[in-house]
Amino acid sequence: AQSVAQPEDQVNVAEGNPLTVKCTYSVSGNPYLFWYVQYPNRGLQFLLKYITGDNLVKGSYGFEAEFNKSQTSFHLKKPSALVSDSALYFCAVLTTGGGNKLTFGTGTQLKVEL
Amino acid sequence: GAVVSQHPSWVICKSGTSVKIECRSLDFQATTMFWYRQFPKQSLMLMATSNEGSKATYEQGVEKDKFLINHASLTLSTLTVTSAHPEDSSFYICSASLRGRETQYFGPGTRLLVL
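Residues numbered from 1 in each chain as written. Chains lettered and ligands numbered in written order. Predicted model: local features only at pLDDT ≥ 70, side-chain atom pairs only at ≥ 80, totals over all residues. Heavy atoms only, no water.

> Please set out the overall build of chain B residue by residue, giving values where relevant.
Of the regular secondary structure elements, chain B holds zero helices and 11 strands. Ordering the α and β elements of chain B from the N terminus gives β-β-β-β-β-β-β-β-β-β-β. Taking 115 residues into account, the globule formula puts the C-alpha radius of gyration at 13 Å, and chain B, at 13 Å, falls close to it. Of all 115 residues assigned to chain B, the portion counted as buried reaches 51%. A fraction of 55% describes how many contacts in chain B between residues 6 or more apart in sequence connect residues 24 or more apart. (Helix = DSSP H or I, 4+ residues; strand = E, 2+ residues; numbered from the N terminus. Rg over C-alpha atoms; globule rule 2.2 N^0.38 Å. Buried < 20%, exposed > 50% of the residue type's maximum accessible area, 1.4 Å probe, protein only. Contact = heavy atoms within 4.5 Å.)

Encoded structure:
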């Protein structure tokens, strides 16, 4: 079964510092990986995805993610965090057979402080 | 582009009544829509997958007769919670995707409170 793990429930970072939100995956075959962000009482917003190609994927709002096959990781990064980046971040993997379903990680709460 | 709306954004109802939630893709035709449920501080749990013009496919453990899903057009899917009970209180989120495309676009969610 396809799965993703987010080992950190919460990440705290100071504004202006780089941030990393971790995600590891377990899939059979080639992974289709996604990052979404959720603000309080809102749906999810798509940030970026990895399907194939360059291991460094650039997405919305200055976020990027690095696909690392040997470490089965897909960590989300941003060079300089903003207070407005504070939100709940979800990593997800796509199950390509039987309906293109997403399986989400447990989420990581990012808190960016002044 | 790729905007998905949900209505209502929140609803309070009495136990035993039915509640309908609408999910619309505003600027694209969604061949597939998905319904999720999210409990506080938890991840999203997929309830069902809905393809336009066909019956929804429910995930294991989700009651088909309790959560009725209709996807009658390429821009609208509805979720009806029948005979709602307090344990059905949750945040319901839909998403939509284009045929053959991997990315799902999510609605803003509907918070349901059953008294």
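> Residue-level account of the state of the cysteines, with values.
Tallying each qualifying case throughout the model produces two disulfides over all chains. There is a disulfide in this structure between C23 of chain A and C91 of chain A, and the S-S distance comes to 2.0 Å. Every disulfide takes its handedness from the sign of the S-S torsion; for C23 of chain A and C91 of chain A that torsion is -60 degrees, giving left-handed. Remark: C91 of chain A occurs in strand 10 (residues 87–95) and C23 of chain A occurs in the loop between strand 3 (19–21) and strand 4 (24–26); sequence separation between them is 68 residues. Both residues of the pair, C23 of chain A and C91 of chain A, belong to the buried class. The disulfide partner of C23 of chain B is C94 of chain B, and the S-S distance across this bridge is 2.0 Å. In this structure, the disulfide formed by C23 of chain B and C94 of chain B twists by about 80 degrees around the S-S bond and is classed as right-handed. (Disulfide = S-S within 2.5 Å.)

> So what about the side chain of T110 of chain B? Which residues, and what values?
All names here are of chain B. The topology assignment puts T110 in strand 11 (residues 110–114). Here Q6 takes part through its side chain, which lies 3.1 Å from a polar atom of the side chain of T110. Polar contacts involving the side chain of T110 include one to the main-chain carbonyl oxygen of P8, which spans 2.6 Å. Setting aside chain neighbours within four positions, we find T110 in contact with Q6, P8, S9, W10, V11, I21, S90, F91 and Y92. (Polar contact = N/O pair within 3.5 Å; in protein donor to acceptor, adjacent residues only side chain to side chain.)

> Outline a nonpolar patch on the surface, supporting the account with residue identities and numerical values.
Judged by side-chain polarity, W10, I12, L113 and L115 of chain B come together as a nonpolar surface patch covering roughly 460 Å² of accessible area. Locating I12 of chain B in the fold gives a position in strand 2 (residues 10–13). (Patch = residues over 30% accessible without salt bridge, like charges linked within 9 Å, V, L, I, M, F, W, Y side chains within 5 Å. Areas by Shrake-Rupley, 256 points an atom, 1.4 Å probe, with all protein chains shown as cover. Salt bridge = Lys/Arg side-chain N within 4 Å of Asp/Glu carboxyl O.)

> Which residues make up the pattern of salt bridges, and what values do they have?
Per the stated rule, a full pass over the model turns up eight salt bridges over all chains. With its nearest N and O atoms 3.4 Å apart, the salt bridge here joins K49 of chain A to E102 of chain B. Of the two residues, K49 of chain A sits in strand 6 (residues 44–50) while E102 of chain B sits in the loop between strand 9 (90–97) and strand 10 (105–106), which places them in two different chains. Assessed through its relative accessible area of 26%, K49 of chain A is described here as partly exposed.

Just distances and angles here, no functional claims.
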